[in-house]
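Commentary on secondary and tertiary structure
Each chain, letter by letter, is given below.
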Amino acid sequence: MLSPQPQGISADLALVTGLKSGDQGAMAQLYDRYSSVVYAVALRVLGDTGAAEDVLQEVFLQLWRKPSAFDAARGSLGSWLAVITRNRAIDSLRKRRPETDIDDVVLSVAPDLAGEAERARAAEKVRGVMGIMAPAQRSALEMAYWEGMSHSEIADKTGEPLGTVKTRIRAGLIALRKAFQT
Amino acid sequence: MSEHEQFADDLALYALDALRGEDRARVEAHLATCAACRLELEQLRGDTALLALSAAGPRPPQRARKRLLDAVAREARVPRVAQTSTHRSWWGWLGWAATAASVVFALWLWRENSALHQGLASLSSRQAESRRELEELRRIAAPILDPETQRVTLVSTRAAPQPQGKAFYLRNRSSLVFLANNMPALPPRKAYELWLIPVNGAPIPAGVFKPDAHGSASVVNPLLPAAVEAKAFAITVENETGATAPTMPILMMGAGE
């Protein structure tokens, strides 16, 4: 059954505006809308449900405390939360202090990913692109993204030159972008 | 290899939050002065978002929702009421605002000119570009126009008083616009570097710049850590790639007005 609530970026924007005026109901709606994305990303990185719940809590509390950090002009809230979550989860995994504040995370995403159906289609497309990527490139991108390995660590592990690893990671990201431009 | 190509691979690593130390500082110094690379960084972060969305798994347990909403209730806040500022005269800043506006306008013209030379573009991509440009202008103007902006004038610490810089720093947005004039010419491969001196901790790099033939220069929205309280701003001469710690002597310095 379809949700009666309005979907899309404009609905997200209204809810984030609600956060700015202290609307706890808006927070609950945003949680219901995006907690599955945030939790899935955190769990994929951390592989531990307790640690993933902690990151989930931290990410949404950050949004509650500082809703103005989300720049609605640049991309969907779901995408922004996914990036914030991945970075926080990697920081947790690597037991390091966060170096990038959420205010500094500005991103630009072309597709509208505010609805669950759109996100499901996008996820399918991403998995398709990753599936046809050269194994070495896919591996470098996944090690960097999901394990938070530096290019030096990846080079050490794979025996590839540093420059090759760097180029593969960037080319992998560009391949994803191109898939959504066609 | 163009300057942008030189940074292309490192920008991807930066988007993944995977650069540390000198590599990170070098990219941030470049980003502070390169709007094209800042846009590319936003695109790359968007690409990483697509990757994140490929994660699939179970929904979070119900207790996580209650835990969050309980925490939110404990932190419930009263809506902020906009205040009308009456304590500060804006007239003294009009000249600088006009200068800043001209910088913004020049940036806009430059971008428009570049766009024209790139030939035909689709209507949809132009609309998207226009929206980005407007947003960029809004972001640039915010630290100048916001009543909460901390304004700092930097003057030469030496006898000659001519060089002058104005820093417009909006702490709650980590936005900074710096405008300078009468800056002396630099030796080859050297540049000025602006530093945010926090109340606590080491000086933070806030952009590398070179003056034009008239001694004028600007730094617009360099990447800064969030919400750092600035005690002062300072300028040193560094290698043109920038430094992670200031090299003495400090040429100019100023605290809040």
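Residues numbered from 1 in each chain as written. Chains lettered and ligands numbered in written order. Predicted model: local features only at pLDDT ≥ 70, side-chain atom pairs only at ≥ 80, totals over all residues. Heavy atoms only, no water.

Right, let's get into the overall build of chain A. If you tally the helices and strands in chain A, you get eight helices and zero strands. Reading the secondary structure of chain A in the N-to-C direction produces α-α-α-α-α-α-α-α. For chain A, the residues scored as buried account for 55% of the 182 residues in total. Looking at chain A alone, contacts between residues at least 24 apart form 62% of all its contacts between residues at least 6 apart. A total of about 7700 Å² of accessible surface is found on chain A, and carbon and sulfur atoms cover 53% of it. (Helix = DSSP H or I, 4+ residues; strand = E, 2+ residues; numbered from the N terminus. Buried < 20%, exposed > 50% of the residue type's maximum accessible area, 1.4 Å probe, protein only. Contact = heavy atoms within 4.5 Å. Areas by Shrake-Rupley, 256 points an atom, 1.4 Å probe, with all protein chains shown as cover.)

This part takes up the environment of Lys-166 of chain B. Mapped onto the fold, Lys-166 of chain B is located in strand E2 (residues 164-170). The buried category is assigned to Lys-166 of chain B, whose relative accessible area is 11%.

As a further point, take the interface of chain A and chain B. Across the contact, 70 residues belong to chain A and 56 residues belong to chain B. For the pair chain A and chain B, the summed buried surface comes to about 5900 Å²; carbon and sulfur atoms form 56% of the total. At the junction of chain A and chain B, the tally comes to seven salt bridges. Ionic pairing is found between Arg-63 of chain B and Glu-53 of chain A, a salt bridge with its closest N-O pair at 2.5 Å. Between the two partners, chain A and chain B, sit 13 residue pairs in polar contact (both at pLDDT 80 or more). Looking at the side of chain A that touches chain B, the elements with two or more residues in it are helix H1 (9-20), helix H2 (24-46), helix H3 (49-65), helix H4 (77-93), helix H5 (116-132), helix H6 (135-146) and helix H8 (162-179) of chain A. In terms of residue class, the side of chain A that touches chain B is built from 35 nonpolar, 13 polar and 22 charged. (Buried area = accessible area lost by both parts, 1.4 Å probe. Salt bridge = Lys/Arg side-chain N within 4 Å of Asp/Glu carboxyl O. Polar contact = N/O pair within 3.5 Å; in protein donor to acceptor, adjacent residues only side chain to side chain. Nonpolar A, V, L, I, M, F, W, Y, C, P; charged D, E, K, R; others polar.)

Once that is clear, we can look at the pairing of strand E5 (residues 204-209) of chain B. All names here are of chain B. Of all six residues that make up E5, five are buried, and the element is covered over most of its length. Pairing between strand E4 (residues 190-198) and E5: four bridges, direction antiparallel. Among the inter-strand pairings, Tyr-192 is bridged to a residue of E5, identified as Phe-209. With antiparallel pairing between neighbouring strands as the criterion, E4 and E5 make up a hairpin whose turn holds five residues, including Gly-201 at a positive phi of roughly 100°. (Pairing = 2+ DSSP bridges.)

The next subject is the pairing of E2 of chain B. Residues and elements named next belong to chain B. The buried fraction of E2 amounts to six of the seven residues, a majority that puts the element mostly inside the structure. Summarising the sheet, E2 and strand E3 (residues 175-181) pair through seven bridges and their orientation is antiparallel. Considered in E3, the bridge of Gln-164 is made with Asn-181.

All told, the structure shown has 18 salt bridges over all chains when counted by the stated rule. With its nearest N and O atoms 3.0 Å apart, the salt bridge here joins Asp-54 of chain A to Arg-67 of chain B. With Asp-54 of chain A in helix H3 and Arg-67 of chain B in helix H4 (residues 62-74), this pair bridges two chains. Under the relative-accessibility criterion, Asp-54 of chain A is labelled partly exposed at 40%. Exposure remark for Arg-67 of chain B: the relative accessible area of 36% places this residue in the partly exposed category. A salt bridge links Arg-88 of chain A to Glu-58 of chain A; the nearest nitrogen and oxygen atoms lie 3.4 Å apart.

This paragraph deals with H5 of chain A. With 17 residues, H5 of chain A should reach 24 Å at 1.5 Å per residue; the first-to-last C-alpha distance of 25 Å fits that figure. All buried positions along H5 of chain A are accounted for by Arg-119, Ala-122, Ala-123, Val-126, Val-129 and Met-130 of chain A. Along the axis of H5 of chain A, the buried positions cluster into a sector of 125°, meaning they face one direction only. Exposed side of H5 of chain A, more than 90 degrees from the buried face: Arg-121, Glu-124, Gly-131 and Ile-132 of chain A are the residues found there. Where H5 of chain A is buried, its residues touch H2, H6 and H8 of chain A together with helix H3 (35-52) of chain B. (Expected span 1.5 Å × (residues − 1). Arc of directions from axis to C-beta.)

A complete count under the given rule lists six aromatic pairs over all chains for this structure. When the centroid spacing of 5.6 Å and the interplanar angle of 70° are considered together, the rings of Tyr-169 of chain B and Phe-233 of chain B count as edge-to-face. One end of the pair, Tyr-169 of chain B, is in strand E2; the other, Phe-233 of chain B, is in strand E7 (residues 230-239), and 64 residues separate them in sequence. Each member of the pair, Tyr-169 of chain B together with Phe-233 of chain B, is buried. Put simply, the rings of Phe-178, Tyr-192 and Phe-209 of chain B pair up and form one aromatic cluster. Across the ring face of Tyr-145 of chain A, the terminal group of Arg-86 of chain A is positioned such that the distance to the ring centre comes to 4.6 Å. One residue, Lys-125 of chain A, lies across the ring of Phe-180 of chain A, its end atom 5.0 Å from the ring centre. (Phe/Tyr/Trp six-rings, centres within 6.5 Å; stacked < 30°, edge-to-face > 60°. Lys NZ or Arg CZ within 6 Å of the ring centre and 35° of its normal.)

Residues and elements named next belong to chain B. Chain-level pLDDT for chain B is 76 on average; 65% of the residues reach the 70-or-more range. Highest mean pLDDT in chain B belongs to H4 (94); lowest belongs to helix H5 (residues 94-117) (57). ipTM for the predicted complex: 0.83, alongside a pTM of 0.56. (pLDDT = per-residue confidence, 0-100.)

Here we take up the packing of H2 of chain A against H4 of chain B. It is at 10 Å that the axes of H2 of chain A and H4 of chain B come closest, and there the two elements cross at 155°. In this view, H2 of chain A runs roughly antiparallel relative to H4 of chain B, as classed from their interaxial angle. For H2 of chain A against H4 of chain B, the interelement crossing comes out right-handed. Each of Gln-24, Met-27, Ala-28, Tyr-31 and Asp-32 of chain A in H2 of chain A lies in contact with H4 of chain B, whose residues at this interface are Ala-64, Arg-65, Leu-68, Leu-69, Val-72 and Ala-73 of chain B. (Axes fitted to C-alpha atoms, helices over the stretch in contact; angles between N-to-C directions. Parallel < 35°, antiparallel > 145°, perpendicular 65-115°, else oblique. Left-handed = near helix turned anticlockwise from the far one by under 90°.)

Here the focus is the nonpolar core. Counting residues in each nonpolar core, the largest one holds 81 residues, and the members touching the most others are Met-27, Phe-60, Leu-63, Leu-77, Leu-81 and Ile-169 of chain A. Looking at this core element by element, the count peaks at 15 residues for H2 of chain A. Ignoring anything within four residues of it in the chain, the contact list for Ile-169 of chain A reads Ala-140, Leu-141, Ala-144 and Ile-154 of chain A together with Leu-13 and Leu-16 of chain B. Ranked by size, the runner-up nonpolar core spans 21 residues in total, among them Leu-176, Phe-209, Ala-217 and Met-252 of chain B. (Core = buried A, V, L, I, M, F, W, Y, C linked by side-chain atoms within 4.5 Å.)

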